[in-house]
Amino acid sequence: MRIINTATPHAFASAAADWTGDHLHDKPQSVLALPTGNTPLGLYSELIARKLAGTLNLDEAKVFNLDEYCGLGQSNPHSYAAFMQRHLIVPARLGADRVRLLRGDATDLEAECHDYDAAVADCGGIDLCVLGLGVNGHIAFNEPGSSWDLRTHVVHLSHATRAAHERQAQLPWQIPTWGVTMGIKTVLESRHVLLLIAGSHKETARAAVFGGVADSDWPVTSLLAHPSVTIIELCSPAENR
Ligand code: GLP
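Please read these numbers as outputs of a predicted model, since none were measured by experiment. (Residues numbered from 1 in each chain as written. Predicted model: local features only at pLDDT ≥ 70, side-chain atom pairs only at ≥ 80, totals over all residues. Heavy atoms only, no water.)

Asks: Explain the overall build of the protein chain to me, please; I cannot follow it from the model alone.
Replies: Helix and strand content of the protein chain: 8 helices and 10 strands. For the C-alpha atoms alone, the extent of the protein chain along its principal axes is close to 40 × 40 × 35 Å. When the 241 residues of the protein chain are sorted by exposure, 55% land in the buried category. Considering only intrachain contacts with a sequence separation of at least 6, the fraction spanning at least 24 residues in the protein chain is 77%. When the accessible surface of the protein chain is split by element, carbon and sulfur atoms take 52% of a total near 10500 Å². Computed over 18 positive and 26 negative side-chain charges, the inter-centroid distance for the protein chain is 4 Å. (Helix = DSSP H or I, 4+ residues; strand = E, 2+ residues; numbered from the N terminus. Buried < 20%, exposed > 50% of the residue type's maximum accessible area, 1.4 Å probe, protein only. Contact = heavy atoms within 4.5 Å. Areas by Shrake-Rupley, 256 points an atom, 1.4 Å probe, with all protein chains shown as cover. Lys, Arg positive; Asp, Glu negative; His and termini not counted. Charge placed at Lys NZ, Arg CZ, Asp CG, Glu CD.)

Below you can see the structure in the form of structure tokens.
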């Protein structure tokens, strides 16, 4: 595991964009799995700026997202698909043919999960999987105690996850009880993984992965078995830990 400590939000975002850019330089046709949340926002701004400046080639990459709320489609502004459109896909001018987002509003979610897995497989699997970290140690929507042997599947969202997102939503909005997520099996099959950690409220989950013991109560510790994981942390003591 490679660990990169950064001291400012700008350095954090730059380091994540450098990691992504280096891999895209080596393989412009990389298949990316990307997260939502506050943590990757700086990375996305940096990728957009570099792409528009002509220093990053994102046009040959293929983008998948990691998770979605059940019942929400791209037209719902609370959906993760809308988040990805707003914060990356539209401003970076990524072609629709290069993007596959989970359809939380699919009438048959099981079929949607199979279709998603098939789309990932058709692209040859994920090259670069970028992950945020949930307060309870979840990655994507793989909650504590969930199987590490699943690809895309429907999940029951924990109270901790829903509470964290209700606080973040800034609108009176009830977080759905169910989500759909890329599974840990797919994450572990990715060629390279980047875990982004920022925020003092993530300290316990962070300690779990740095503790070095795989524990299904802390899904992030599944990454300990992966041969190519980079962790980029935002370590400013004043505001982040
Ligand atoms: C959600 C998402 C995760 C994300 C996590 C952390 O639960 N399903 O993919 O990593 O939130 O979000 P944030 O970066 O806002 O702390």
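On we go from here.
Asks: Before we go on, may I ask you to explain the sheet that holds strand E8 (residues 178–181) in this structure?
Replies: Through backbone hydrogen bonds, the strands of a sheet pair up, either in parallel or in antiparallel fashion. Taking strand neighbours across the sheet as the criterion, the 3 strands line up as E4-E8-E7 in an open arrangement whose pairing is antiparallel. Edge positions in the open sheet fall to strand E4 (67–69) and strand E7 (153–156), since each of these has one partner strand only. Pairs of neighbouring strands in the sheet enclose a mean axial angle of 30°, with direction left out of account. As judged from the 4 bridges shared by E7 and E8, these two strands associate in the antiparallel manner. When the bridges of E8 are listed, Val-155 appears paired with Gly-179. (Pairing = 2+ DSSP bridges. Axes fitted to C-alpha atoms, helices over the stretch in contact; angles between N-to-C directions.)

Asks: Explanation requested: the nonpolar core in the structure shown.
Replies: Across soluble globular proteins, nonpolar side chains have a tendency to be buried as a group. Membership of the largest hydrophobic core comes to 33 residues, with the highest contact counts inside it found for Leu-58 and Ile-232. Mapped by element, the contributors of at least two residues to this core are helix H1 (9–26), strand E2 (31–34), helix H2 (41–52), helix H3 (80–89), strand E6 (128–131), strand E9 (192–198) and strand E10 (229–234). Here this core takes 6 residues from H1, the largest share from any one element. In contact with Ile-232, not counting residues within four places along its chain, are Ile-4, Thr-6, Phe-12, Ala-15, Ala-16, Trp-19, Leu-194, Leu-195, Leu-196 and Ile-197. Grouped together as the second largest cluster of nonpolar side chains are 30 residues, Cys-113, Ile-139, Met-182 and Ile-197 included. (Core = buried A, V, L, I, M, F, W, Y, C linked by side-chain atoms within 4.5 Å.)

Asks: In this structure, what is going on with the packing of H1 against H2? I would like to understand it.
Replies: Between two packed helices, both the angle of their axes relative to each other and the distance between the axes serve to describe the pair. The geometry of H1 relative to H2 is characterised by a closest axis approach of 8 Å and an angle of 60° between their N-to-C directions. By the criterion of interaxial angle, the relationship of H1 to H2 is oblique. For the element pair H1 and H2, the recorded crossing hand is right-handed. For the pair H1 and H2, the contacting residues are His-10, Ala-13, Ser-14, Ala-16, Ala-17, Asp-18 and Thr-20 in the first and Gly-42, Leu-43, Glu-46, Leu-47 and Arg-50 in the second. Of the residues assigned to the contact of H1 with H2, the class counts are 5 nonpolar, 4 polar and 3 charged. (Parallel < 35°, antiparallel > 145°, perpendicular 65-115°, else oblique. Left-handed = near helix turned anticlockwise from the far one by under 90°. Nonpolar A, V, L, I, M, F, W, Y, C, P; charged D, E, K, R; others polar.)

Asks: How should I be thinking about the packing of H2 against H3 in this particular structure?
Replies: Contact geometry of H2 with H3 gives a least axis separation of 9 Å together with a crossing angle of 45°. With respect to H3, the axis of H2 lies oblique. Listed contacts from H3 to Leu-41, Tyr-44 and Ile-48 of H2 are Phe-83, Met-84, His-87 and Leu-88. The residue makeup of the contact of H2 with H3, split by class, is 6 nonpolar, 1 polar and no charged.

Asks: Looking at this structure, I do not really get the site of the ligand. What am I missing?
Replies: As a structural note, the neighbourhood of the ligand is formed by 14 residues, with Asn-38, Thr-39, Asp-67, His-138 and His-165 the closest of them. Taking Asn-38, its main chain carries an N or O atom lying 2.8 Å from an oxygen atom of the ligand. Interatomic distance of 2.8 Å between a side-chain N/O atom of His-165 and an oxygen atom of the ligand. When grouped by side-chain class, the residues that make up the shell around the ligand number 4 nonpolar, 8 polar and 2 charged. (Near = heavy atom within 4 Å. Polar contact = N/O pair within 3.5 Å; in protein donor to acceptor, adjacent residues only side chain to side chain.)

Functional significance is not addressed by these values, which are geometric in nature.
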